[in-house]
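Chain by chain, the residues run as shown.
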Amino acid sequence: VVQVLTVNKATLSAVADSKTKIYGDLNPALTFTYSGFKGSDNASVLDTPPGLATEVTQFSPVDSYAISVISEGTDNNYTFAPLTDGILTINQATLSAIADSKTKAYGDLNPVLTISYSGFKGSDNASSIDTPPLLATNATQFSPVDLYDISFVNEGTDNDYEISSLTD
């Protein structure tokens with residue numbers, strides 16, 4: 001009597017790796033961590049790996065978003081269960097703000113105090129800042145000839161940027 005040995009597929013779990021990125025940077029590669037491979041097998045032996053996607057674009061606002069399994073994958077030796085989604089977290093980009101030096105003649109009105117920025121992403125600019133930093137000086141129209149500090153009264157806030165390196 002001939003007996004039959006049935007070899008069934010092994011179970012392979014696949015968990016979408018959670019990722020982080022900085023606002024304005026390209027999305028990272030979406031990957032899985034697998035468990036359950038047999039012998040020396042690894043992801044390279046899979047006939048069709050499962051697929052991942054996210055709604056995140058390069059300029060999606062700072063937040064956490066789903067990395068979703070969009071296809072289950074197939075393999076002659078493995079069955080996929082479970083397939084687990086991940087999270088893509090977007091962190092603030094760093095934005096440097098520097099108070100611009102100004103000059104004026106005694107008796108003239110103070111010039112408009114301005115800030116130079118570096119670190120904007122894409123087409124963002126100073127008008128993109130949720131609450132811009134605010135500058136002030138102790139100099140008045142009739143302050144004596146001297147040097148006066150231009151200081152940040154507040155550092156400003158923005159959802160997509162951490163405003164830093166504030167110097168005056």
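In this text the structure is predicted, and so the values were computed from the model without any measurement.

Draft legend 1. Quick look at the sheet that holds strand E3 (residues 32-35). If you trace the three strands from one edge of the open sheet to the other, you get E3-E1-E6, paired in mixed fashion. What marks the edges here is a single partner per strand, and that holds for E3 and strand E6 (78-84). In this sheet, neighbouring strand axes are inclined to one another by 30° on average, regardless of whether the strands run parallel or antiparallel.

Draft legend 2. Spotlight on a nonpolar patch on the surface. Together, Tyr-106, Phe-142 and Val-145 line one region of the surface with nonpolar side chains, adding up to about 400 Å² of accessible area. Mapped onto the fold, Tyr-106 is located in the loop between strand E8 (93-99) and strand E9 (115-118). Overall, the relative accessible area of 53% leaves Tyr-106 in the exposed class.

Draft legend 3. Region of interest: the pairing of strand E5 (residues 63-71). As judged from the four bridges shared by strand E4 (residues 51-54) and E5, these two strands associate in the antiparallel manner. Bridge pairing links Ala-53 to Ser-68 in E5. For E5 and strand E7 (residues 86-91), the ladder comprises five bridges, and the chain directions are antiparallel. Pairing of Asp-63 across the sheet is with Ile-90, part of E7.

Draft legend 4. Quick look at unusual backbone geometry. A cis geometry characterises the amide bond from Ala-81 onward to Pro-82, with omega recorded as -5°. Topologically, Pro-82 is positioned in strand E6.

Draft legend 5. Structural view of the pattern of salt bridges. One pass over the full model with this rule turns up one salt bridge. We note a salt bridge from Asp-25 to Lys-121, for which the minimum N-O separation is 2.9 Å. Taken as a pair, Asp-25 in the loop between strand E2 (19-22) and E3 and Lys-121 in the loop between E9 and strand E10 (134-137) lie far apart in primary sequence, 96 residues in all. The class of Asp-25 is partly exposed, set by a relative accessible area of 30%. You can call Lys-121 partly exposed: its relative accessible area is 22%.

Analysis parameters
- Residues numbered from 1 in each chain as written.
- Predicted model: local features only at pLDDT ≥ 70, side-chain atom pairs only at ≥ 80, totals over all residues.
- Heavy atoms only, no water.
- Pairing = 2+ DSSP bridges.
- Helix = DSSP H or I, 4+ residues; strand = E, 2+ residues; numbered from the N terminus.
- Axes fitted to C-alpha atoms, helices over the stretch in contact; angles between N-to-C directions.
- Patch = residues over 30% accessible without salt bridge, like charges linked within 9 Å, V, L, I, M, F, W, Y side chains within 5 Å.
- Areas by Shrake-Rupley, 256 points an atom, 1.4 Å probe, with all protein chains shown as cover.
- Salt bridge = Lys/Arg side-chain N within 4 Å of Asp/Glu carboxyl O.
- Buried < 20%, exposed > 50% of the residue type's maximum accessible area, 1.4 Å probe, protein only.

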